[in-house]
Each structure stands twice: as C-alpha cells, then as structure tokens.
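This is what each chain is made of:
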Amino acid sequence: MYLYKIIIIFILCLSILNSKDLEKVSLQLDWLHQFQFAGYYIAKEKGYYQDENLDVSIKEYTSNINLVDDVLNSKSDYAIGKSSLIIDALEGKEVLLLSAIFQSSPMVLISLNKSNIKNLSDLINKKVMLSSDARTAASINSMLTSQGIKLEDVDFIPHSFKLEDLITNKTDVMGCYLSNEPFLLKQKKMDFTIHNPSDYGFDFYGGLLFTSKKELNNNAKRVKKFRYASIKGWKYAFTNIKETAKLIYEKYNTQNKTLDALIYEGEVLKKLSKFDQGLLGNIDDRRVEEIKRLYLLLGLSKNHANYQVKDIYYKPNKLFLTKEENNYLKNNKITLLTNDDYPPFTMTKDDTLSGLEIDYWKLISKKLNINEANTKIVNVNDQALNFLKNDKNLLKYSFSKEDNNNFTEKSNSIREISIGLATLVDKAFINSISELNGKKISIDKSSIYYKDIIFKYPEIDFVESSSYDEALNLLSQKKIYGVIGKIPLLSYNIRKKILTNIKISGTFNEKFNMKLLVNKNNALLLNILNKTISTITDEEKNKINEKYYPIVYQTPFNYSWFYKIIIPLIFIILIFIISNFKLNKEIKKRKKIEDELNKVVNIDALTNIYNRRKIESLYEREIIRIKRYKRDLSVIFFDLDDFKQINDNLGHAIGDEVLIKLAIIVNNNIRNSDFFGRWGGEEFLIILPETNKEKAINVAYILKNKINSSDFNIERNISCSFGVSQFEETDSADSLLTRADNAMYYVKRNGKNDVKAV
C-alpha cells in the first residue's frame, strides 16, 4: 500500500512537470456549450491537445464578446464563427479560416403549420424573429430575395432566443438551428415547416474554426497542431455520438439539455458536416467565392477589389516529403534531358537554356529545395529515351501518347497544352475545328497530333507544312485560311516575327498534357514529382506562360469617325442618363441582384449546369406540355461508375474535376433544346423533348462513347451507366423517371458502362 502511494505521487509529480511544457491557448465559442462544439471537448478530454503539447481553455460565449476583435487583439487565440467572417476578410481584417466543420449551415427559418405559412411568399407582412446582424442572416436574406420577396416587406423583429415565443404566436417565424429547435417541437408534438436556404441553393458554411494571420506568422507550428488535434476530436465525436453526448451532458451542460436532445443534435450536425463523404473541415475556393459574391450582392460589403479567396483560409502541408524521399533528393543527382531546338518549350540563347520546360523544372527544383549540385539539365536532343532506359535518375518531358513504352512512367500533368487556330485578323473567332470544313488549313506534318486531326476532320482541306515559319508565311500571303498548332508555338512565332496581321482565332477540345517521363524502376522519384506538381499554383503557371506567349493582338483603329459621330452621341446619351440616374441605378442594382441570385438558385455551382431544383421544374413543365399536345418525350438517367473510388483514392478535388469535365462533354453533345442537370452527387438527368425512345438510345450511346474516349487526366478509365425511357400515355411524372432510374441501376448491377432502355 505504501509503495502504491509512492507510485501515485510520482506520477502526479511527473504530470505537473510535463504540464509546464504545455503551451496555453484559448478557444472562444460563439454560443453556449452544446454538441455544436463537441470536437473541441473531445480533443481536450481525450488528450489530443495535450498530445500536441497544448493546454486549451474553452470559453463559453457571453453577449459582450466580439469574436473577431478578441482574436485579432489576442484575447483569444482561436474562435468559432460563421460565414460572415468572409466579410471581415473583405474589410481587411487579418482573419484566417482553419476549417469548416459544417459544410452546410444549420441556420433555417421555422414556422408552425397552424400559422398557414406554407411557402416563402406567405412571409410578406409576417413577423420574423431573426438575429439583427444581417451578416449572419445572409443565407436567410438571400433565400427570401431570390424568391422575389423584398426584405422591407417582412416584419423582422429582434430574436429572443425563446422557442416559446414561436409557440405563443409572438412571432410567426423564427430563425432556428436544425440541430436544436426541431427536436423540441417534435417533443411538444407541434407540426412545423422548415424553410432551409440550402434548398434554394444558398449553402453557407457553419462552425468555422478561425484564428488571426498574426498567430500563423508567429506560431505556425502551433496553428498546425491545434487544427490537427481539433479535427481529430471531431472525427471521434461523430464516430461516437452517444459517448460524446454523455460527456457533454455530464460536464459541459450549462443549458441543461437532455441526453436525447444532445444525441439528436449530434446526428443532425454529423450530416451537415458531410462526415461520411470525407469533407469534415473542408474549405473550398469555389464555395468561398460564391459566399463572397452573395455578401457583395446583398450590399453587406463593398471592399473587394484586392481580395483573393486563397488569402482567407489555411492550407497545411503544401508539400510534405517522407524521410525516404528527402534522403533520395539529398543523395541522388537528378538530370533533366531536353532538346534545345523546340521554342518556346526549350531554346538556347547566349549559351543558356531557357523556355517553358526549363522554367517549370526550375520551379519544381525550387519547391523541392534541391541544391544546384544535385540537379542539372542536359541537351541530348533525340537520344533522351535511350539514356532514360538505362538510368533511373534521369527524366524528360512528355506531351504525347507515343511516349508510352515498357520502361517509363509519366507524372501527373504539369499543365494542359491547347490546340488552336491562327488566322488573319479580319477573320471571325471560331468554336470548333468542324467550322473549318472546306477551308485550306496548314498543319505541321511532324506534329504529334497530325494523324489524329487529319483522320478526325476529313472535310478540312489540309495543307501540309514542314515548319511554323512556312505555315505562317503562307497565311500572310493569304494562300491558306489558317494554321493549326499548339497555342504556345503559334503565339511565340507570331510574336517573334511581329506578325501584327495574324491573331489566335480559337482553341479546340484537342489538348495535350505536359508531363515528366521517368524510369519506371524509380517509383520514389515519380511520387516526389507528383507531390510537387500538385502544389504548382495557377499564379505560378500564369507567370511562366506569360513570359513566353502572352496572347494579346489587336488591329490599328481609325479614331476620326469616333470624334465626328460617337462623341456627340455620347454627350446626348449622358444628358439622358443624368436625368434618370437615380431611378436607373436602383432598377439595375435590383435586377442584377435578382439575376445573380436566380443563377445561384438554378445552376449547380460545381458543374455549371442546371441543379436538382431547376431540372425538376423543367421536367414538370415538359410533362404538362406533352400531355397537352401529345408529343414525344424521353429522358436519360445516368450515373458516373465507381465515382466513390475516385474520391477515396485520388481525392475530392480530382473527383470535382471529373464531374466538371463530364458535364462539359455531355453539354457539347446534346441539342440546345435538350435540358441537362445534376440530379445529385454523380447522378445526372437529360430531358429530350420531341424525342422518341430510339433516338434517345442513340444519344445515350453517343454520350457513352464520347465519355469512354475522353481524357480526364487521371490514371483510370471513366465510364457511365445509362437508363433510357419514353413517356407513355399511362405515365405520371414519377413513373417515367422511376423506369429510367431502374434501367440505369440494372446496368450498374450488370457490368456498368452500358445503356438500358425500358
């Protein structure tokens, strides 16, 4: 017993000594203790913060706290906020978002069914209890404005945060949290309606963990450790909701919530975090940009000229190399093999190699912090592959599928090279190579795309050339209509020869990827290169590209007629504009806001096609039309095969790019009269008016083949499963979609990548 006490005292002494080494930091919550902050409680109670040498104090919200000011003035090191933090960034405040715990905000409007408020249009002249801070209520305001409701027509009253005020009719509608009030209303057996901004396309973040840029600059390692431990806490909390709710109930329950209420809150918040989709904590450029745009449209901020979304959120581990990878770089000399006679990709000037390839390699070397002694560039022209076969520390650039062989591997794409058309400046811009049918077009017979394009566009009158010099001379002499080539090569040669009468008149779907080729026995080097390539920013790419081929051309302009006619006309117009300025300004402002919000409501933010809400509306309209006029209508339901594997193995960013590319392919291969929308996730719907089943099947097969043959810039084949159905007299709107959906799932169960019609 005496020995046991000594051991206990010894352990306590050790813990006291260790606690002195912990960094003390504070986390300020934006509300009272509840499951909304579960991950931070778990990180503290399970020792995740302590494992990172952090002693974290969690502070409950009080009404006299300004979250942003507290963090910027170091009263708190970290805090929880809402998407309104984006406005603070627009206004120049040095805030830094670390993670978005909830991918969709839990903030909604709730009305009781007894109030007869069924639609948003019923809110006019009704009392709506909402926070007075327009910034935090921006998603609510956007939802109302998008439905044509003027905010001044709604009777907003201060929020009491008492649910009883909704029940006793002191307010008709109340701003609530999905994770809280619905549970209480269900317990009271009250029937209610939820008006959720996300149902109207306004999907804001919630539960944003943030700090100051000062904290990052002074304590970068601490920021990384705090964020890591917090996310770890959230993962545990959402994986063990009942255990976490019990902890909050016993230790962090200042609101005296029931255990069932805390469990309910946890289940709702888990869905809003998109935890099961692997998006916990994710912050995305596109989402931040969209939220910023909505704040600006609502007039909540005007200062945005120099604002970049990338400046507001934390990007940990830009480039992380393992010990083995670092040792490889330290102990091996890497040599880039190149050809100095391929401007603007590579060239020699004053005995110095330069060009796109060289600059990209220098950028990669800089990111890897490779010493000059451990890397070099060698000009070997046509012998590169032979050298590469025998030395695993060599590499070269690759643009073509013809570089495929059994002893090399390609890296991920560094950048995409577009194929374009150069014409004289008096020619119109074009969108597709097929518009050139019957015209004389020069093409370099030694180019890697020569055979493909000649075969693909037999209607074009191709004129073979041996060099860009020859082709551009023919164009200048008006002996041909245009020159097809890689955009960098066209632009470089036009600029070099000062051909002011020639311009780039279009780019096409045919593209090539600039990759690095390495010996397949050196998987370590390939992995290092792929990691580094993923960190190259658009800004870095543009800086290199513009150095070698800025595409800016314009023809001389005769200003004499401008002075004689346009200036007097402008003067008259100005007089008219001034007399109607105030009215026009207000009309334009309101119209712009309505148009922009309309777009947000109807267009899927990722793929830029119709969203679920809009495509359903168009579908219902078409059903009514064909029933009235007895016309044909078919639908195609399709789903991207094995999309979860792409997200799990390659990451959600790559998955997003696949969905974007897929939408572009489909859009380019259906009629203008067809309607195409994202049904949800990786599922899509195409509505084909005036189309019978046979024609719809043909469309589905065309899309299937186009998708199969397209390059998605990933190391796997992309395919889709298609279900086709035609409207019949006995059909309802649901039955037609159900048949197409069932047909699609039949394909998915029986091998995928096929078309099934019912």
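Residues numbered from 1 in each chain as written. Predicted model: local features only at pLDDT ≥ 70, side-chain atom pairs only at ≥ 80, totals over all residues. Heavy atoms only, no water.

> Explanation requested: the overall build of the protein in the structure shown.
Tallying secondary structure elements over the protein gives 28 helices and 27 strands in all. Across the 758 residues in the protein, those meeting the buried criterion constitute 48%. Sequence-distant contacts, at least 24 apart, represent 77% of the contacts inside the protein between residues at least 6 apart. Of the roughly 39600 Å² of accessible surface on the protein, a fraction of 50% belongs to carbon and sulfur atoms. (Helix = DSSP H or I, 4+ residues; strand = E, 2+ residues; numbered from the N terminus. Buried < 20%, exposed > 50% of the residue type's maximum accessible area, 1.4 Å probe, protein only. Contact = heavy atoms within 4.5 Å. Areas by Shrake-Rupley, 256 points an atom, 1.4 Å probe, with all protein chains shown as cover.)

> How should the confidence of the model for the protein be read in this particular structure?
Any segment with low pLDDT has predicted coordinates that should not be analysed in fine detail. Looking at the protein, the pLDDT average stands at 85 and 89% of residues meet or exceed 70. Taken as a whole, residues 1-20 scores under 50 in pLDDT and shows zero contacts with residues more than four places along the chain or in a different chain. Note on residues 551-563: pLDDT under 50 across the span, and 13 contacts to partners over four residues away in sequence or across chains. (pLDDT = per-residue confidence, 0-100.)

> Mind showing me how you'd approach the sheet that holds strand 6 (residues 127-129) here?
Two pairing modes exist for strands in a sheet, parallel and antiparallel, and in both the strands are linked by backbone hydrogen bonds. Strand order across the open sheet formed by five strands is 7-6-8-5-9, with mixed pairing between neighbours. The outermost strands of the open sheet, each flanked by one partner alone, are strand 7 (155-157) and strand 9 (192-195). In this sheet, neighbouring strand axes are inclined to one another by 30 degrees on average, regardless of whether the strands run parallel or antiparallel. Of the strand pairs in this sheet, strand 5 (residues 107-112) and strand 8 (residues 173-177) are connected by five bridges, and their pairing is antiparallel. Within strand 8, the position partnered with Ser111 by the bridge is Val173. (Pairing = 2+ DSSP bridges. Axes fitted to C-alpha atoms, helices over the stretch in contact; angles between N-to-C directions.)

> Which parts of the structure should I look at to understand the sheet that holds strand 1 (residues 23-28)?
If you walk across this open sheet you meet the five strands as 2-1-3-10-4, and the pairing is mixed. If you trace the sheet from one side to the other, it starts and ends with strand 2 (54-59) and strand 4 (95-102), each paired once. Each neighbouring strand pair of the sheet contributes to a mean axis angle of 25 degrees, computed without reference to strand direction. Sheet analysis places strand 3 (residues 78-81) next to strand 10 (residues 206-212), joined by three bridges and oriented antiparallel. Paired with Ala79 across the strands is Phe210, a residue of strand 10.

> What should I look at first to understand the packing of helix 14 (residues 323-331) against helix 20 (residues 523-533) in this one?
A pair of packed helices is characterised by two quantities: the angle between their axes and the separation of those axes. Taken N-terminus to C-terminus, the directions of helix 14 and helix 20 make an angle of 100 degrees; their axes are 10 Å apart at the nearest point. Comparing the axis directions of helix 14 and helix 20 gives the class roughly perpendicular. Counted together, Glu324, Glu325, Tyr328 and Leu329 of helix 14 and Leu524, Leu525, Asn527, Ile528 and Lys531 of helix 20 form the full contact between these two elements. (Parallel < 35°, antiparallel > 145°, perpendicular 65-115°, else oblique.)

> Please explain the side chain of Asn393 as it appears in this structure.
Within the element layout of this structure, Asn393 appears in the loop between helix 16 (384-390) and strand 16 (394-398). You can call Asn393 buried: its relative accessible area is 14%. A distance of 2.6 Å separates the side chain of Asn393 from the side chain of Tyr328, its partner in a polar contact. At 3.4 Å, the side chain of Asn393 forms a polar contact with the side chain of Asn332. Beyond its immediate sequence surroundings of up to four residues, Asn393 is in contact with Tyr328, Asn332, Lys333, Ile334, Thr335 and Asn522. (Polar contact = N/O pair within 3.5 Å; in protein donor to acceptor, adjacent residues only side chain to side chain.)

> What exactly am I supposed to notice about a negative patch on the surface here?
Judged by side-chain charge, Glu409, Glu416, Asp711 and Glu715 come together as a negatively charged surface patch. Among the secondary structure elements, Glu416 is positioned in strand 18 (residues 415-424). (Patch = residues over 30% accessible without salt bridge, like charges linked within 9 Å, V, L, I, M, F, W, Y side chains within 5 Å. Salt bridge = Lys/Arg side-chain N within 4 Å of Asp/Glu carboxyl O. Lys, Arg positive; Asp, Glu negative; His and termini not counted. Charge placed at Lys NZ, Arg CZ, Asp CG, Glu CD.)

> When you look at the pattern of salt bridges in this model, what are you seeing that I'm missing?
Two side chains of opposite charge can pair, provided their charged atoms sit close to one another. In the structure shown here, the tally under the stated rule is 32 salt bridges. With its nearest N and O atoms 2.7 Å apart, the salt bridge here joins Lys292 to Glu289. In this pair, Lys292 and Glu289 are both assigned in helix 13 (residues 285-297), three residues apart and thus about one turn of the helix distant. Judged by relative accessible area, Glu289 falls into the partly exposed class, the value being 34%. Through salt bridges with shared partners, a single ionic network connects Glu23, Asp77, Glu215, Arg222 and Lys225.

> Whenever I open this one, the pairing of strand 16 confuses me. Can you help?
Two faces, one strand: in a regular strand the side chains alternate between the faces of the sheet. Extensive coverage of strand 16 is indicated by the burial of five of its five residues. Sheet analysis places strand 11 (residues 334-338) next to strand 16, joined by three bridges and oriented parallel. Paired with Thr335 across the two strands is Leu394, which belongs to strand 16. Pairing analysis gives four bridges linking strand 16 to strand 22 (residues 502-519), with the strands arranged antiparallel. Bridge assignment links Ser398 to a residue of strand 22, and that residue is Lys515.

> Is there a simple way to think about the nonpolar core in this case?
Side chains of a nonpolar character, in soluble globular proteins, are inclined to be buried together. One finds Trp361, Ile364, Leu395, Tyr397, Leu436, Ile484 and Leu516 to be the most contacted residues of the largest nonpolar core, which totals 64 residues. With seven residues, the top contributor of residues to this core is strand 22. Excluding residues that lie within four positions of it along the chain, Trp361 makes contacts with Ile334, Leu336, Thr375, Ile377, Leu395, Tyr397, Leu516 and Leu529. Counting residues in each nonpolar core, the second largest holds 55 residues, with Ile101, Ile157, Ala245 and Tyr252 among its members. (Core = buried A, V, L, I, M, F, W, Y, C linked by side-chain atoms within 4.5 Å.)

> Where do I start with the packing of aromatic side chains in this structure?
When we look at a pair of aromatic rings, we describe it by the centre distance and by the angle of the planes. Across all of its chains, the model carries 19 aromatic pairs by this definition. The side chain of Arg287 reaches across the aromatic face of Tyr205, ending 4.2 Å from its centre. (Phe/Tyr/Trp six-rings, centres within 6.5 Å; stacked < 30°, edge-to-face > 60°. Lys NZ or Arg CZ within 6 Å of the ring centre and 35° of its normal.)

> What should I look at first to understand helix 19 (residues 487-496) in this one?
Residues spaced three or four apart along an α-helix face the same direction, because each turn holds 3.6 residues. With eight of its ten residues buried, helix 19 lies for the most part within the structure. Of the positions making up helix 19, those classed as buried are Ile487, Pro488, Leu489, Leu490, Ser491, Tyr492, Asn493 and Ile494. Following helix 19 by one or two positions, Ile498 adopts a phi angle in the positive range, close to 55 degrees.

> It is not clear to me how the environment of Ser273 should be interpreted in this structure. Could you clarify?
Checked against the element boundaries, Ser273 lands in helix 12 (residues 259-273). Along the primary structure Ser273 and Trp234 are separated by 39 residues, whereas in three dimensions their C-alpha atoms are 9.9 Å apart. Residues within four places of Ser273 in sequence aside, it is in contact with Ile101, Phe102, Gln103, Phe238, Leu279 and Leu280. For Ser273, the side chain forms a polar contact with the main-chain oxygen of Lys270, separated by 2.7 Å.

> What is the right way to look at a nonpolar patch on the surface in this model?
Among the surface-exposed residues, Leu569, Ile570, Ile573, Leu574, Ile577 and Ile578 lie close enough to one another that they form a single nonpolar patch of about 530 Å² accessible area. Topologically, Ile573 is positioned in helix 22 (residues 560-579). Assessed through its relative accessible area of 41%, Ile573 is described here as partly exposed.

> Help me understand the packing of helix 2 (residues 38-45) against helix 10 (residues 220-239) in this model?
For the pair helix 2 and helix 10, interaxial distance at closest approach is 7 Å and the crossing angle is 105 degrees. Taken as axis vectors, helix 2 and helix 10 run roughly perpendicular relative to one another. Every residue of helix 10 that contacts helix 2 at Ala38, Gly39, Tyr40, Ile42 and Ala43 is listed here: Ala229, Ser230, Gly233, Trp234, Tyr236 and Ala237. Here the contact of helix 2 with helix 10 is built from residues that sort into eight nonpolar, three polar and no charged. (Nonpolar A, V, L, I, M, F, W, Y, C, P; charged D, E, K, R; others polar.)

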